[in-house]
Amino acid sequence: MNDFTLISATLPNGSVANIVVSNGFIAHIGAEVRGEQIDAQGLVALPGFVDLHTHLREPGFEQSETILTGTRAAALGGYTAVHAMANTHPVADTAGVVEQVKTLGDEAGYVQVQPIGAVTVGLEGKQLAELGAMAQSKAQVRVFSDDGKCVSDPVLMRRALAYVKSFGGVIAQHAQEPRLTENSQMHEGAVSSELGLAGWPAVAEESIIARDVLLAEAVGSRIHICHLSTAGSVEIVRWAKQRGINVTAEVTPHHLLLTDELARGYDPVFKVNPPLRTAADVMALREALVDGTIDIVATDHAPHPTESKDCEWAAAAFGMLGLETAASIAQDVLIESGASNWQRFADVMSTVPASISGIEGQGQPLEVGSAANIALIDPSAKRTIQDGGASKSDNQPYRGMTLPGAVIHTIFRGVFTVRDSKLSR
Ligand SMILES: [Zn+2]
């Protein structure tokens, strides 16, 4: 492993320094130069991004994405770790499946792949999965989620919260009351009425979040809420945090930027779960990411093959790509707006998601002794998004849009996975 030095990189606190990488670790930050010199002037160096919510689709849905293609997209997006959701086939509800996912991630070698285990057997919401066996497996699962489905049974949810508490695990809830969202197609509001598409009420999300923060409080466990999408959800999480409940929350890039108005073209690329909401909801989510009510940005990268999206709205699958564009949208919300700074950016994209999951060697501040997991971005770049990038799928909602910033280099455990915005192998 060769030593190298990133010359004149801008650190999250705004200072400029050389970063010396040696044997996979940060060996020095300051004036020293060692090994190959890489010009990083004008680039912001950040701890490699950590996604708490990625659908890699393997095993079972390799026509949408594989662990190799998904992690290549992740590296291009500045990520050095992703958490793979459990809604694969077979479902990641046993030690065997989570170990398989981890092994495939290690073999691909682009980012650290940390499997998420299912909360219930087969995501069926009837019986708890083998949470303890997954936690004790080689995959060392700490985050459990039935994502794609809600753990709607309060008895099961309470039991799951109590169980993971014993080993420091966390339940990541996809908050969607199933009875309130039967056949729902898009956000319930003025646009859904006009278009004649079945509505997805905000209260279907908010009622589950309210219930589950109270369950977490009663059990004395922590809980993580996936993809907040409404202003009301923000209010509930804000209230829960003020009350001292141990809750963390994520927001996706698309819910920070896109609204239900996009459904007017009936293009299923904008069909997603939870649905795109109103401009007022987007504003509330952006403010909450700035003020800390929302803890992290998580992509919910959800690749789907053309045949699942190139059809009428009601028949199309829910979900959109996100790994290669997330940093640009976080930059838009935190930096371009003038509302926050790169330190907060590092927190929401790396440090805090890593601490929620407890993943080792990730999300560490750029300091001597930290693992060399580093993303370097050019904040002055502008990119017009053309296609689905490295993903095997093409459900790209930002096509034709110009977004700020570009990931120039990604360094994973001291090795370039992306160099000059291209995969290094
Ligand atoms: Zn979800």
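From a predicted model like this one, the values you see are computed outputs, not experimental measurements. (Residues numbered from 1 in each chain as written. Predicted model: local features only at pLDDT ≥ 70, side-chain atom pairs only at ≥ 80, totals over all residues.)

1. Quick look at the environment of Thr259
- One can find Thr259 in the loop between strand E14 (247-251) and helix H8 (279-291).
- Ignoring any residue separated from it by four or fewer positions in sequence, one finds Thr259 in contact with Leu276, Arg277, Thr278, Ala279 and Val282. (Helix = DSSP H or I, 4+ residues; strand = E, 2+ residues; numbered from the N terminus. Contact = placed C-beta atoms within 7 Å.)

2. Some remarks on helix H7 (residues 231-242)
- Here H7 spans 17 Å end to end across 12 residues, near enough to the 16 Å set by a 1.5 Å rise per residue.
- Of the residues making up H7, those classed as buried are Ser233, Val234, Ile236, Val237 and Ala240. Seen along its axis, H7 keeps its buried residues to an arc of 165°; they face one direction.
- Among the structural elements, helix H6 (202-219), strand E13 (223-225), E14 and H8 are those in contact with the buried residues of H7.
- Of the residues flanking the end of H7, it is Gly244, one or two places downstream, whose phi is positive at about 95°. (Expected span 1.5 Å × (residues − 1). Buried ≥ 20, exposed ≤ 12 C-beta atoms within 10 Å, placed from the backbone. Arc of directions from axis to C-beta.)

3. Some details on the nonpolar core
- Within the largest apolar cluster, 132 residues are counted, with the highest numbers of intra-cluster contacts made by Ala45, Phe144, Leu285, Ala330, Leu376 and Ile377.
- Counting residues per element, this core draws most heavily on helix H11 (residues 342-357), at 8 residues.
- Filtering out sequence-adjacent residues up to four positions away, Leu376 remains in contact with Leu6, Ala9, Ala40, Leu43, Val44, Ala45, Ile408 and His409. (Core = buried A, V, L, I, M, F, W, Y, C linked by C-beta atoms within 7 Å.)

4. Describing the sheet that holds strand E7 (residues 79-84)
- Spatial ordering of the open sheet is given by E6-E7-E8, a layout of 3 strands whose pairing is parallel. The open sheet has two edge strands with one neighbour each: strand E6 (49-54) and strand E8 (112-115). The mean inter-strand angle of the sheet, taken between neighbouring strand axes irrespective of direction, is 20°.
- Note: E6 against E7, 4 bridges, orientation parallel. Counterpart to Thr54 in the pairing with E7 is Ala84.
- On the sheet, helix H1 (residues 67-76) packs against E6, E7 and E8 and is oriented at approximately 135° with respect to E7.
- Here helix H2 (residues 95-108) sits on the sheet and contacts E7 and E8; the angle it forms with E8, its principal contact strand, is near 175°. (Pairing = 2+ DSSP bridges. Axes fitted to C-alpha atoms, helices over the stretch in contact; angles between N-to-C directions.)

5. Quick notes on the sheet that holds strand E9 (residues 143-144)
- With parallel pairing, 5 strands are arranged side by side in an open sheet as E9-E10-E13-E14-E15. Unpaired on one side and paired on the other, E9 and strand E15 (296-297) mark the two borders of the sheet.
- As paired elements, E9 and strand E10 (residues 170-173) share 2 bridges and run parallel to each other. Within E10, the residue paired with Val143 across the bridge is Val170.

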